[in-house]
Amino acid sequence: MAYAISWIHVCACKRVRRAYHDRVSGTGAETATTTLARLISGAQVARMISVAAELGIADLLADGPRTSDDLAAVTETHPPSLFRLLRALASLGIFAAERDGRFGLTPLADLLRTGVTGSMRGLALFQNDAWYWQVYRELPYSVRTGQPATEYLWGDGLFGYFASHPEAAELFDSGMASRHAETNAALANAYDFSGIDTLVDVGGGNGSLLATILASHPNMNGILFDLPRVAEGATGRLAQAGFAQRCQIVGGDFFDSVPAGGDAYIVSNVLHDWQDQPAAGFTLARIAPLPSRTGAGVLEGQPATT
Ligand SMILES: C[S@@+](CC[C@H](N)C(=O)[O-])C[C@H]1O[C@@H](n2cnc3c(N)ncnc32)[C@H](O)[C@@H]1O
């Protein structure tokens, strides 16, 4: 049985690697079978990336390539298994397998380092946290009933779960910041914010979008609004970024009320967390009636799966 499972696993990994190689090298047009096989096997790739992120492999390679035995000693892992993991990831373009047997960084691996600009380590960790797999395991429930799996699992939904699981919440918040760093910068540059003295970011998370916009608009002030737990966490981050004087941080529930006094309101990557009715409820009932000068902007960048 164990042999069969590991054989299936090896075959699946080979299929993923072959399909990826074909795609990145442009050497073979991907057939429908290989495309579908690659997509079906996506969970394996996601899991491998997250294990490397958990072990902090990319950080350990920041000063140059190292052998997998060396990395296994530092991470207290099984050397041959770590070697297989790194080799599989190298075949996907994440990590470079050197001729001398060492592994190094690639542009993709570089984004798995902690604290680098655009780091996606937080995303790799939160999208592979135990709760995330639990939710997707219950996807059939949502498809059958039209109800959120998060409520089926925990009664008061994802944000209720976070209230009693601060470590998962912290990973989620930092994952959100890494997920949207690139679009935040693009938005700050692309949109004409002139005429906005005070911008309110509703469900603004740890403040990374607001900080990016304030940085390029020195005369603008901001109000970050989120659940009290999240707002509290954003206070230090915004102060550290030098916005303590220009940014007010307000904790609350947008289903009850949203801070008044903004010239414009931004709602970024929030609506996809809710079913249509509550999402429309808080935007239409709480934000739309506020006397803002320039209105409300909705920014949603999530793939259609969420
Ligand atoms: C998917 S995150 C998006 C964060 C951020 N706007 C971004 O683009 O990265 C959704 C945010 O909505 C916040 N949120 C959820 N329910 C809320 C509520 N009832 N009132 C205020 N904020 C809420 C969460 O805490 C979280 O920060």
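What counts, and where the lines are drawn
- Residues numbered from 1 in each chain as written.
- Predicted model: local features only at pLDDT ≥ 70, side-chain atom pairs only at ≥ 80, totals over all residues.
- Helix = DSSP H or I, 4+ residues; strand = E, 2+ residues; numbered from the N terminus.
- Buried ≥ 20, exposed ≤ 12 C-beta atoms within 10 Å, placed from the backbone.
- Contact = placed C-beta atoms within 7 Å.
- Pairing = 2+ DSSP bridges.
- Near = placed C-beta within 6 Å.
- Nonpolar A, V, L, I, M, F, W, Y, C, P; charged D, E, K, R; others polar.
- pLDDT = per-residue confidence, 0-100.
- Expected span 1.5 Å × (residues − 1).
- Bend = angle between axes of the 7 residues up to and from the residue.
- Axes fitted to C-alpha atoms, helices over the stretch in contact; angles between N-to-C directions.
- Left-handed = near helix turned anticlockwise from the far one by under 90°.

A look at the overall build of the chain
Piece 1. Of the regular secondary structure elements, the chain holds 16 helices and eight strands.
Piece 2. Taking all 306 residues of the chain together, 30% fall into the buried category.
Piece 3. Within the chain, contacts between residues at least 6 apart in sequence are counted, and of these 62% link residues at least 24 apart.

With respect to unusual backbone geometry
Piece 1. Although it is not a glycine, Glu 76 sits at a positive phi angle of roughly 55°.
Piece 2. Topologically, Glu 76 is positioned in the loop between α5 (68-75) and α6 (79-91).
Piece 3. Of note in the backbone geometry, Phe 95 takes a positive phi value of approximately 80° without being a glycine.
Piece 4. Structurally, Phe 95 is set in the loop between α6 and β2 (96-97).
Piece 5. On the basis of neighbour count, Phe 95 is assigned to the buried category, with 26 C-beta atoms found within 10 Å.

Things to note about the pairing of strand β7 (residues 264-268)
For a regular strand, the rule is simple: side chains alternate between the two faces of the sheet.
Piece 1. β7 sits mainly inside the fold: five of its five residues count as buried.
Piece 2. Side chains Ala 264, Ile 266 and Ser 268 of β7 all project onto a buried face; the interleaved residues Tyr 265 and Val 267 project onto the opposite face, where all are buried too.
Piece 3. For strand β4 (residues 198-202) and β7, the ladder comprises four bridges, and the chain directions are parallel. The residue bridging Asp 201 from the neighbouring strand is Ile 266, located in β7.

Brief notes about the site of the ligand
Piece 1. The environment of the ligand is made up of 17 residues, and the closest members are Met 176, Gly 203, Gly 205, Ser 268 and Asn 269.
Piece 2. When grouped by side-chain class, the residues that make up the shell around the ligand number eight nonpolar, six polar and three charged.

Considerations on the confidence of the model for the chain
Segments scoring low in pLDDT should not have their predicted coordinates read at a detailed level.
Piece 1. Looking at the chain as a whole, the pLDDT averages 85, with 84% of positions reaching at least 70.
Piece 2. Under a pLDDT of 50 for its full length, residues 1-12 has, in the predicted model, two contacts with residues more than four places off or in other chains.

With respect to helix α13 (residues 166-190)
Piece 1. An ideal rise of 1.5 Å per residue puts 36 Å on 25 residues; α13 measures up with 35 Å between its terminal C-alpha atoms.
Piece 2. Residue His 180 marks the point of greatest curvature in α13, where the axis turns by about 50°.
Piece 3. Buried within α13 we find Ala 169, Leu 171, Phe 172, Asp 173, Ser 174, Gly 175, Met 176, Ala 177, His 180, Ala 181 and Asn 184.
Piece 4. The elements touched by buried residues of α13 are α8 (121-126), α12 (157-164), α14 (208-215) and α15 (228-240).

Digging into the pairing of strand β6 (residues 247-251)
Piece 1. Of the strand pairs in this sheet, strand β5 (residues 221-226) and β6 are connected by five bridges, and their pairing is parallel. Paired with Asp 226 across the strands is Gly 251, a residue of β6.

Some remarks on the packing of α5 against α6
Piece 1. Remark: α5 packs on α6, axes separated minimally by 9 Å, with the N-to-C direction vectors making an angle of 115°. Remark: the crossing between α5 and α6 carries right-handed chirality. Packed against α5, whose contacting residues are Ser 68, Asp 69, Leu 71 and Ala 72, the element α6 presents Pro 79, Leu 82, Phe 83 and Leu 86 at the interface.
Piece 2. Residues belonging to the contact of α5 with α6 are distributed by class as follows: six nonpolar, one polar and one charged.

As for the sheet that holds strand β1 (residues 66-67)
Piece 1. Ordered by their spatial adjacency, three strands build an open sheet running β1-β3-β2, and the pairing between neighbours is antiparallel. Of all the strands in the sheet, just β1 and β2 have a single pairing partner and so form its edges.
Piece 2. As judged from the two bridges shared by β1 and strand β3 (residues 102-104), these two strands associate in the antiparallel manner. Each bridged residue has a counterpart across the sheet, and for Arg 66 the counterpart in β3 is Phe 103.

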